[in-house]
Structures are given as C-alpha cells and as structure tokens.
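A structural walkthrough
One letter stands for each residue in the lines below.
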Amino acid sequence: MFLGIPAIAGRDNESIITNGVPWFDSDGNIINAHGACIIEDGGKYWLFGEYKSDNSNAFPGFGCYSSSDLVNWKFERVVLPVQKDGILGPDRVGERVKVMRCPKTGEYIMLMHADNLKYTDPHIGIAVCDSINGDYRLLGTIEYDGKPIKNWDMGTFQDDDGTGYLLIHHGPVYRLSDDYRSISAKAAHIDGMGESPAMFRKNGIYFMLTSNLTSWERNDNYYFTATSIEGPWEKRGLFCPEGSLTHNSQCTFVFTLTRNGEKIPIYMGDRWSYPRQASAATYVWLPMQVNGTSLSIPEYWSSWNINGIRKQTLSGETKIHDWTSDKKGEKLRIPFHGKRISIIGESNSQSGYALVSIKDKEGKILHSQYVDFYSKVPDLSPRYVSRLYPEDDYMLEVEVSGENPVWSDKKGNVFGSKDFFINVSKSIIEK
Ligand code: GAL
C-alpha cells in the first residue's frame, strides 16, 4: 500500500529510521525525548518529549527538537525546565508532554502529566508559549467541573476541524475550549481503555490506541474505533502480532505524515529502560496500515526508509562475532575502518546493560554510553548504530556493565531482567 511514493532529496543512508537503538542529534548527543509527540509547523517537524535523566525519575524538563525529514534532528532546547516549586518543581514527575498549536489564538499549548515521585498526586498541567520552541510558561493544572483533573497518563488529539482534545487513561476524552486553555466538555468515555492514550483519524474513522498497565514493561497494546469522537467506541483488539508486546514498545502518539497527498499514520512508541532512561530508553516508530476500521503493524521493521516508507536492512561490511558474556568487565573489541558501525545482538529476559564506547586511533574515547539489551520477548536486531564519523580507524568496545534494568511498580511487582548477558552476533561497518 505504500508503494509508489517518490523519494525526497537526501542520501539514502541518512533517511533510515532504526528502531530500538539510541538516536543522535546533529550535535552527536543522544536524542532524549520520551513519551513524545510530533507536530508539523512552519515547514518543519517538531519533536517534544521527556528530557529524562539516567539517575532519577524526577522531572528534568521537557525538550524540543526540530527536523526537516523526521530522521535528522536538531536539539532546540529544554522548553520547560524544572520549576522553582509547584506541580513540576524539584522531585516531581513530568511525563507524556504533548504540544498543539491552537488555531484560534495561534498560541502553542503544552499539556502534560505532573505527579510526585510515588505517582500518588497526579495532575494534568498546562503551559503556553507564543513560539513553538520558546520558553513555555506553566499556567497550572487543567480543571473539569471546577476541580483539577487528578489523572496520570494522557495524550492529545487535534481533529481536522481544529478542535483539540485531551485524552485520559482508562476512558475520558475532554474537548478543549476554543483557546485550548480550558476544557469545554467531556466528549466521551471509552470503556475498556488502558494507559498511554493516542488518537488519530483516517478516512473518517477515529482510532484510539492504548496500553495495558505494566509500568515500564511492554505489553500487547490494543485499539478502539468510532465514526464520531462521542462514540460509540468499539474495541477492535491488538494492532501488532500477539506476544510481540507491541513490537516491544508502548504507544505514546500517532503522527500523521502527509506525503504526496497520502496520509500515513506513523506509530510512535517508547521502549523504556529503567533506570537508564536518558541513554538507553529508545524509540519505535513504524508506519501503520489502515483498512476501514482495521489497524495493524503486521511486521517489525528494525530499520526502514522514510522515503518510500519501506523496510530496509543496514548495509555494509559484515563481521560475525557470536559473542556472549554476563561477566562484569568482559569486553568485545571490534577494530574497524569506516564511518559508522552497527551491532546486531540478541536481547532477552536475561540481558543487561552494555557499556558501548568508540575510540579513535589514538585511543581517545569519542563516545561512551549504556545500551540496553533487555527485552521480555527475545529479539535479534540492531542494538547500537553509531553516529557518522569521518572515515578513519576506530575501535568499538562492548563491555558487560554488570547492571541490568530492574524496577517495581506501586504494588511491589518486580519487573525486568534476571541476569547481565550481552550478546553481539555481528557488526556492520559502513565505509
Ligand atoms: C507507565 C506509564 C508511564 C510511566 C510509568 C511509570 O505505565 O505509561 O508514562 O508513568 O508507568 O511506572
């Protein structure tokens, strides 16, 4: 269904989205935008997300990136930093930031989930700004019926007629007022909803995506459809193969890409990595297939080309390593000559964090970071794709860190890995 879309300008290998690996911005820093959304404005794409830290779950700000092609991103700034006090003050949680431009006022409206570190004081916060990448001013909490909305996971949806909606976990859908600064009505309540609501519309059908309640762990997300926002909403089931845990991700947003008049819904999901969320949590973005009320991402494309919307494998000189270890400090060293190196490895429920570094020929560390190999369901895919370097001699090191992602939810259920294994099956070097 995506055939026949001509390529846009740009080198082919610079147009590839590789899922589940850290992405780098134009300064070479890891793209830190989780629970994200994308809006198109002024001829560019803008990505907003949680600017996570590796050491604590406390709110460190919301970040903004810009791009002209959805692949190469420039870091703009932290557009809403930690506040002196209040719902996004020190030692609070700030999640799932969503931004929309209000068509009536031209103002940019930011909505988010604000909470305490135990997630027992949830609010939906609202911030505003006159420019898309300026300093957002936190106005406070958004209210319905004179009371603050005391809920957590949220999303937003802007309909084709410009009406804005606030989506809330487990069912409520609120219509925003004309200036988007308050709520005018409760538009619907979708029975059977879970967390992380994400809505889009295609060919007159509204689709609502949602996840089950498993904290940072992934699960099989599902969806509903309706012909009007008010409903009736019908539960349709899974949109990814059962057991794939939504291709190992949790939905956060659906961005509708317009290409040559065709509207292509792009699924945006989070592959969380607690506690190393800033460096090791990654993104899963995939085009969705819509046929009437049926929605699916039938196959996991670990890499795909945004031009032509097609699956693409990473190309280059391939070396086989078949290296596995769970011994802290053990290292795989891969000397290479080229511009970029990718490593393919298995992630499973016994895997941990690797410390991956790149050194130049003098042995100077150019880059070093945690890479998460854990996944509840086994998966053999790219785990790391380096940024582009000038063609030269380099050394890639993959070290067993002896750390793994483990966490518990409010009820004390423990999630995460049971060991520290790292597996590198092969590497691919681009000349
Ligand atoms: C998830 C939720 C995330 C975050 C996390 C904390 O269920 O979707 O946004 O709040 O729980 O455990």
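Residues numbered from 1 in each chain as written. Predicted model: local features only at pLDDT ≥ 70, side-chain atom pairs only at ≥ 80, totals over all residues. Heavy atoms only, no water.

**Digging into the pairing of strand β13 (residues 164–168)**
With 5 of 5 residues buried, β13 is to be regarded as a mostly interior element. Relative to β13, strand β12 (residues 154–158) runs antiparallel, the two being bridged by 5 bridges. By the bridge assignment, Thr 156 is partnered in β13 with Leu 166. Connecting β12 to the next strand, β13, in antiparallel fashion are 5 residues, including Gly 162 with a positive phi near 90°. One ladder, built from 3 bridges, connects β13 with strand β14 (residues 172–176); its direction is antiparallel. In the sheet register, Tyr 165 faces β14, and the bridge partner there is Arg 175. (Buried < 20%, exposed > 50% of the residue type's maximum accessible area, 1.4 Å probe, protein only. Helix = DSSP H or I, 4+ residues; strand = E, 2+ residues; numbered from the N terminus. Pairing = 2+ DSSP bridges.)

**Details of the confidence of the model for the protein**
Residue-level pLDDT values for the protein average 96, and 97% of them are 70 or greater. Across residues 1–11 the pLDDT falls below 50, and counting only partners more than four positions away or on other chains, this stretch makes 22 contacts in the model. (pLDDT = per-residue confidence, 0-100. Contact = heavy atoms within 4.5 Å.)

**Quick word on the site of the ligand**
Close to the ligand lie Glu 95, Arg 96, Tyr 119, Asp 153, Glu 195, Ser 215, Trp 216 and Gln 250. Residue Arg 96 places a side-chain N or O atom 2.9 Å away from an oxygen atom belonging to the ligand. Between the ligand and the protein, one listed contact pairs an oxygen atom with a side-chain N or O atom of Glu 195 at 2.3 Å. Split by residue class, the shell around the ligand holds 2 nonpolar, 2 polar and 4 charged. (Near = heavy atom within 4 Å. Polar contact = N/O pair within 3.5 Å; in protein donor to acceptor, adjacent residues only side chain to side chain. Nonpolar A, V, L, I, M, F, W, Y, C, P; charged D, E, K, R; others polar.)

**Brief notes about the pattern of salt bridges**
Any two side chains of opposite charge can pair, on the condition that their charged atoms come close. A full pass over the atoms with the stated rule returns 22 salt bridges. In this structure, Glu 50 engages Lys 52 in a salt bridge whose closest nitrogen and oxygen atoms are separated by 2.8 Å. The burial state of Glu 50 is the same as that of Lys 52; both residues are buried. In this structure, Arg 77 and Asp 135 form a salt bridge, with 3.0 Å as the shortest nitrogen-oxygen distance. Here Arg 77, found in strand β5 (residues 74–80), pairs with Asp 135, found in the loop between β8 (123–129) and β9 (137–141); they are 58 residues apart in sequence, far enough to count as distant. The class of Arg 77 is partly exposed, set by a relative accessible area of 28%. When salt bridges that share partners are traced, they join Lys 331, Arg 333, Lys 359 and Glu 397 into one network. (Salt bridge = Lys/Arg side-chain N within 4 Å of Asp/Glu carboxyl O.)

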